Structure formats: structure tokens, C-alpha cells
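Each chain, letter by letter, is given below.
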Amino acid sequence: MAVAVRLALIVLLLLGPGGWGHTEPSRDSLREELVITPLPSGDVAATFQFRTRWDSELQREEGTDHYFLRYAVLPREVVCTENLTPWKKLLPCSSKAGLSVLLKADRLFHTSYHSQAVHIRPVCRNARCTSISWELRQTLSVVFDAFVTGQGKKDWSLFRMFSRTLTEPCPLAAESRVYVDITSSKQDNETLEVNPPPLTTYQDVILGTQKTYAVYDLLDTAVINNSRNLNLQLKWKRPPENEAPPVPFLHAQRYVSGYGLQSGELSTLLYNTHPYRAFPVLLLDTVPWYLRLYVHTLTITSKGKENKPSYIHYQPAQDRLQPHLLEMLIQLPANSVTKVSIQFERALLKWTEYTPDPNHGFYVSPSVLSALVPSIVASKPVDWEESPLFNSLFPGSDSSSYFVRLYTEPLLVNLPTPDFSMPYNVICLTCTVVAVCYGSFYNLLTRTFHIEEPSKGGLAKRLANLIRRARGVPPL
Amino acid sequence: MAANSFRPRVLTALAGLLALSFGSLADSRIEDQAEQFFRSGHTNNWAVLVCTSRFWFNYRHVANTLSVYRSVKRLGIPDSHIVLMLADDMACNARNPKPATVFSHKNMELNVYGDDVEVDYRSYEVTVENFLRVLTGRVPPGTPRSKRLLSDDRSNILIYMTGHGGNGFLKFQDSEEITNIELADAFEQMWQKRRYNELLFIIDTCQGASMYERFYSPNIMALASSQVGEDSLSHQPDPAIGVHLMDRYTFYVLEFLEEINPASQTNMNDLFQVCPKSLCVSTPGHRTDLFQRDPKNVLITDFFGSVRKVEITTETISLQPDLGIMESSNKEDQIDEERMEPLKYAEQLPVAQIIHQKPKLKDWHPPGGFILGLWALIIMVFFKTYGIKHMKFIF
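Conventions and cut-offs
Residues numbered from 1 in each chain as written. Chains lettered and ligands numbered in written order. Predicted model: local features only at pLDDT ≥ 70, side-chain atom pairs only at ≥ 80, totals over all residues. Heavy atoms only, no water. Pairing = 2+ DSSP bridges. Helix = DSSP H or I, 4+ residues; strand = E, 2+ residues; numbered from the N terminus. Contact = heavy atoms within 4.5 Å. Axes fitted to C-alpha atoms, helices over the stretch in contact; angles between N-to-C directions. pLDDT = per-residue confidence, 0-100. Salt bridge = Lys/Arg side-chain N within 4 Å of Asp/Glu carboxyl O. Buried < 20%, exposed > 50% of the residue type's maximum accessible area, 1.4 Å probe, protein only.

Q: Account for the sheet that holds strand S10 (residues 285–287) of chain B, with residues named and values stated.
A: Within a beta sheet, neighbouring strands are joined by backbone hydrogen bonds and run either parallel or antiparallel to one another. Residues and elements named next belong to chain B. Read across the open sheet, the 7 strands follow the order S3-S2-S1-S4-S8-S9-S10; overall the sheet is mixed. Of all the strands in the sheet, the pair left with one neighbour each is strand S3 (121–122) and S10. With 3 bridges connecting them, strand S9 (residues 220–224) and S10 associate as antiparallel partners. From the neighbouring strand, Ala 222 faces S10, where its bridge partner is Arg 287. In the packing of helix H2 (residues 59–74) onto the sheet, contacts are made with strand S1 (44–51), strand S2 (82–86), strand S4 (155–162) and strand S8 (198–204), and the angle to S2 comes to roughly 165°. Here helix H5 (residues 248–258) sits on the sheet and contacts S4, S8 and S9; the angle it forms with S8, its principal contact strand, is near 130°.

Following this line, the structure appears as C-alpha cells:
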């Protein structure tokens, strides 16, 4: 009886002010998104994005203190299921419900491109940014290769890509959507067919161009039909024309030149293919300490002329403590190639500092380019809360340009390696010399000789002599 | 007369017999209780699984370690209690025709890499130093929990090592080696720090028995795939992948373990019989003289699984709601609903700010050794040349 009364009280308290089932989405929310982009080559790019946001109770000081900013990079890491497992554990629904059921390792790593990231950043809640919310975004991008995994066929479906279909949204998600890029289909009618047909479409200026997306909202009960699963299918009505894909306005390349194991040159080529607009690029280079950079040989040339950067910050390396840090803001003139080159010398490491496979080479981390690239179409100012996640990963404030962050390729540089068998050789040789030369000398000096009487003969000899005396033969 | 005196004697004899039989019944119950008492006294299980070989042609060592990892996880030991060290990546290696898989049987029957593998020490981190630090617990302060062996004196630890070895040593990544004496000393350190209750050491390398010859700490049981002077051989190559997939000893151990479930009562004597010479070509060996219990009383799940002894109780506990916490959380929800302002992201590339920033004031440091020495030299030369009388113009 008393227990029942207590239970009733508990239920009343829970249903009290603001307790049970309030309708506004709370700010600690999860949004998940999958964007499928068919590429002109027949491949398909899929990008997952999961955003968790929560309010922080701390009050911050105004302004960010730059003394506490750190940049660290691991030039090469083999990414495999062992990286995906802890990444999946950060998701509220793990891989049980929602879009994360599609994250199957054996399909995600059998792709021509795989990238996963975790971004954590503060979002200002008021104008002076003294109170903040934290935002955790997890992104995973893969490009499925038509010929490796698709056996040459260019019809895609969720089941063929991920070996799973979508059944239900994550119960903790405030929004759970799939976007399919149907821009090419809207332009030349009937190139690409999406099945089941979308209930809504979304149009916006993404990365400077006007794009149209078919939207499937998993929280909308009409989308997941009676068969309780959603298997999106993309069919090409006409084979995609073999025209060259549009060249992006900014792309970059990096390489090492030179010969021998003494010195070399690091070069970065920055391409600006926009016909008439110039834009700034922030180039961040981290070079390990064992490539000693000659900063006086740093040259930046565009169209044959020297290009002075608007801002340079260089922090020299300290042996075995920190790498070189070079950060420059370069204005790329329109329709040009800018070459940034610097010469270096290779250092000899101590023999215990080499990796177990030093002849493979040592990696140099990629340069990071951050740029505000001019858009083709001006974007309208949007409310970041309403726009999809892929639009607000790098929100731009200026409608005439969009923000892009590029990474060049990592480089592999050979360092002069010593002969690792030398310690063993030295030990063998020294021990042999000591044993033979010093050992024999020592024996000669310290060995004493003394005469030893021959033994009178053992029992056998005495018995033999007895028998010989009996026979009359002279004894031994 | 004699018959009369005989009967009480028979009666007493009968009474004595009955008393004896009751006593023996009580004794057997006491024996059962005593046996329960001497069952393994561990409360948690840990596993340290090490693959020490690098390069694609040593695929089988990674497959060995992953198959033991898979069995141990299947029988209940969670990832937080497993320290997995793989010296190279085979699953996403460029030479692997099926990425994100490591197979143990040819024709790709069993993918031991799985979907939720967590590797704690990978690639260059698998060194003798790190291995000994994990065992003894002397890790640097910033080491994450998943990389530590947080065992206590009631932990049963399984240590599995595989790679290339010789008489008295095991090679780590082609560049260094660990000797059997170092390993024995590490286990003694673990014993003295009470870091294990019982330890099972399994090694699958050539001449593996030499690695357990030097153990001297109590409560260690050891198994090896081959005796001193013998080589451990690999099982079968796969024509599609192009390398040998598993070593023989671990292949048959995996087959044996696939039949174990958390409730099975199989004991260690069965594990000693796995892979006789006809199948393995080498002679597996074992060492139990340091172990206090009889191997036939040791269950496989004492080391490979994580079996908890559960006691079911019918007591009930009623939970009281904490009114203070509930009221404050309700208040927070109300406050959040009031403050619905638009959130603002920071500027991604503030070009104007970057160009026009003031150069950062660096702290002034007094001149260091070289500069001081240089100036001292210059001043000394000056005064030696021109004489000391110029000093008075300065001071």
C-alpha cells in the first residue's frame, strides 16, 4: 500500500513541470545525415555526418587565447576497422539504429577513398561569446568504385553499397535524413532516376554552385513503407556522358625533387583556375625536424613573377623536440599556378631512432590549405539551424565565396640509413681479436709447465704383464 | 552366558559401523566444500595478446593473434580487459585482396578480424619496452586506460605471444628481441607487485619451449608450440591471398576453442592434448610445476573466458527519488526553453584579421651561454690590447 502511494507520487513528480515528453527539440540533440552524390565517372560518393550538441555551463572570457592553440599531425596512419570501432562508439545510437547501421567495415574499406573525422568546436550562444555550446561532428566519406566493387555496373542501391538497408531512425535523433544529389538529373532531364521517388527536394547553393537534392526523412512515416525498410536505388537512364568533370577553382599538388640522400627540394603547386577572380589561401606546412629547411631558399612565384605573401609566420624546428611550422597567407592571382618551393637537407638520425623498416622512408605530413573560394552563384544568407549539416560544416559569412580546406598528398622521403648490422659485426670482430691475440699472449705469459711422471700403468697393464711373464715374453 | 555377552558386543559393533558410515558421509561433504574452496580464486580476467612480426609475409602471425582475440572475446572477456598488440596492419594492407578482413582458413571461411576489433598497440608501438611496461604497469602518466593492464591480485591473465623466435629469445619487429630471462623477470615483478592470481602463458614460435624454461614465479602455467631445436610450422597457404594464413598449433587451438562455450567444463588437460605431433609436426610442450592447482581442475574458461560466479538473492531494495536533483533538472529545462537565441559559429578564415595582426610580443630572455661567452671574449681582447686604464671611462 505504502509502495503504491510512493509510486504514484513518483509518477506525479515525473509528469510535473517540463518532465515527461516535452515537444520542443532540446538543445542536446543528435542530427544525422547521409549525402549520396553520384559522380560523373559512375562512382558514388557517400558522406555520413552526425552532430551532437550540448550546452556548456561554463562562462568563458571574451576572446580566444592563442597561446593555447596547438597543431599536431601524424603523417601516416593506416585506417582500418580498428579506427572505425571507437569512432562508432561515440555515436549515441552506436551501430544499432538510424543511419549508423550502414557502417559495415568490410564495405567501407573496400572503396577507393575513405575518410573519417571527429570535429569538436564551441558555438557561441551570445554576441560576445561568453557562453557556449559544444558541438561534436563526426563525418565519414567514402567513394565506391564502380569497377572494383560494382563489377562494372553503374546502377547503385543502398544494399549494394553497404550490404544493409535503412529500417528506422535513431530514437535519440531529432533529425535523420538522406539526401541524394540529383542536380545532373534536373539539368538534362531523365539522366538519373531515383527510386523510391522523393517526397521533397531541397535546393541550395552548395560550394558555390546551385544544387538540388532529393530528401528522404526517416522520421516521416510515409518514407519507410510497409516493408519497413528503405533501399534507395539510383539508375542511370542514359549512360553518363564522358565529358570532363568541372575543374575545381582551387587544387594543389606537392612533391619532393632532387637526387641523392643529402639534400632535396619541397615544392607545392597551387592552381587557381578561376578566369578573373583572385583569392587568398592560407598555407600551413609542418615539416619534421630531420629535414632541415633552408628558409632563405623559400621562393613563391606566380606567373613567373615573385609573389610576396601578405603574412608569414615561421617557427624553426628544434632537434627531436618540435618540427618546422610555416604558415603563409598568399594571394593567388586569377588563372595562374603558384609554386612555393623550399630546399632542405636530410639529417642523420641516431641509430635507435630509426623505425624497424627505415628503408621504407619517412613521411612528411600534408600541407593544409584554407581558402575562401569565389562562388559561381551567390548564396542566400541561411539560418544555420535549419540548413542541412553538410552546409554548416564550414559555414561562410560572405555570400560571394565559400570556405574550403584542402590537404595535399603526404610525401615519402628517404633518409640516409646506417648499416644496422655494424654493432653485431663489431662485437664479433672485437671478441675474435681479444680471444685470439690477447688470449694467446696471456696464456704464453701465465702458463707454467711441469714434468709429469708417466703413470706406472693401470690394472689392465699389470694383468697383461702377469700373462706375458707366464708366457715368457718380455713385459710392456 | 556367552551368547548374552556376545549380543551387546555385536550391537556396539553395529553402532560403531553406523557411526563410521555417517562420519564418512559428513567427510565427503566436507571434501566437496574443501574442493570448492580450492577452486580458482580469481574475480576478473585479462588477456595480453601480442603479435611481434611486421611485413606482409608474416600475415599468419597477425591471424594467430586475432583468432585468440576472437575466442577470448566470444567467451566473455570485454575489450577493456584485453590488451591487443599487432605489429603490422594486414587487414587494410595494400596487398590484401579483401580489405578489412584477416582470414584463418583457406577459401576465406572465417574472418577473424571481425567488425568490432580494438587494437591497443599498433605498428611501431609494439616494442619490447612497451610490452614490459604493460606487464609491469610502469607506463607513462598519459597512457590511456585501454593501453594499460590494470590487473590486481585476483586476476587471471592470459598472455599469448607469436612471431619469430629462437632458443631463448623472441624477435620483435625485425629489430630487437626479448630473452626468456627478461620475460621471467617481468613475471616475477608482476608476482611481487601482486598483479596476477594465476597466469597462463602460450607461445607459438619456433623453439617456443625455451621461452618458459626460466620462469620461477608461482602460479604460472605455460604452453608452447614446439620444443627446443624444433621449428613451428605454418598451416596452409591461400592461393588468392598468396601467403600462409595460420600457424599449425594456433590453428588447432582455434578449432578446439571454437567448441568451448562459457558454460563448458573442459579442463587444461584437453588443451595440452591439442595438436599432437602427427598434426603439428613439432611437439607442443607445457609446464605446470609452478602451478598450484592440478591442471585437470583448471577450466579453460578460467583463462580464456570471463565467467562470473553469480549468487541470486531475493532481497529487494527500493529506490528513493532524489527530489533535489529532479527539481533542479526541471528548472534547467525551463531556463533552456526561454533562451532560444540563434547560435553563431566562429569565422572560418578571417583574412583581414590575419593580415593586420600585430606581431606577438616575445618574452625577453637574458642572453644565453654562447652570446655571453662571445661578448666576454671580445671585451677581454679589447682590454688586453688597449690596456686596463680604459676601464675607468666605463665605470
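Still more to cover.
Q: Account for the confidence of the model for chain A, naming residues and giving values.
A: Looking at chain A, pLDDT values average 84 and 88% of them are 70 or higher. In this model residues 1–26 of chain A is a low-confidence stretch, pLDDT under 50, and it forms 16 contacts with partners more than four residues away in sequence or in other chains.

Q: Describe the pattern of salt bridges, naming the residues involved and giving the relevant values.
A: Tallying each qualifying case throughout the model produces 27 salt bridges over all chains. The salt bridge involving B:Glu118 is made with A:Lys89; its shortest N-O contact spans 2.3 Å. One end of the pair, B:Glu118, is in the loop between S2 and S3; the other, A:Lys89, is in helix H2 (residues 81–89), on a second chain. Since its relative accessible area comes to 16%, B:Glu118 is described here as buried. The partner of A:Arg177 in a salt bridge is A:Asp217, with the nearest N and O atoms 3.6 Å apart. With A:Arg177 in strand S6 (residues 173–181) and A:Asp217 in strand S9 (residues 209–217), this pair connects stretches of sequence that are 40 residues apart. Overlapping salt bridges, with partners in common, bring together A:Arg31, A:Glu175, A:Arg177 and A:Asp217 in one network.

Q: So, the sheet that holds strand S20 (residues 368–374) of chain A: which residues are in play, and what are the values?
A: Residue and element names in this part refer to chain A. Reading across from one edge, S16-S17-S13-S20-S21 is the order of the 5 strands in this open sheet, with antiparallel pairing throughout. Both edges of this open sheet fall to strand S16 (311–315) and strand S21 (401–407), since each of them pairs with a single strand only. Neighbour-to-neighbour, the strand axes of this sheet turn through a mean angle of 15°, independent of strand direction.

Q: So what's going on with unusual backbone geometry? Which residues, and what values?
A: Residue and element names in this part refer to chain A. Of the consecutive residues Asn 195 and Pro 196, the connecting peptide bond is found in the cis state with omega at 0°. As for its placement among the helices and strands, Pro 196 is situated in the loop between strand S7 (192–195) and strand S8 (200–206). Phi angles above zero are rare outside glycine, and Lys 303 is one such case at about 55°. Along the chain, the position of Lys 303 falls in the loop between strand S14 (291–302) and strand S15 (305–306). Of note in this structure, Asn 335 is not a glycine but carries a positive phi near 55°. The topology assignment puts Asn 335 in the loop between strand S17 (324–332) and strand S18 (336–346). You can call Asn 335 exposed: its relative accessible area is 51%.

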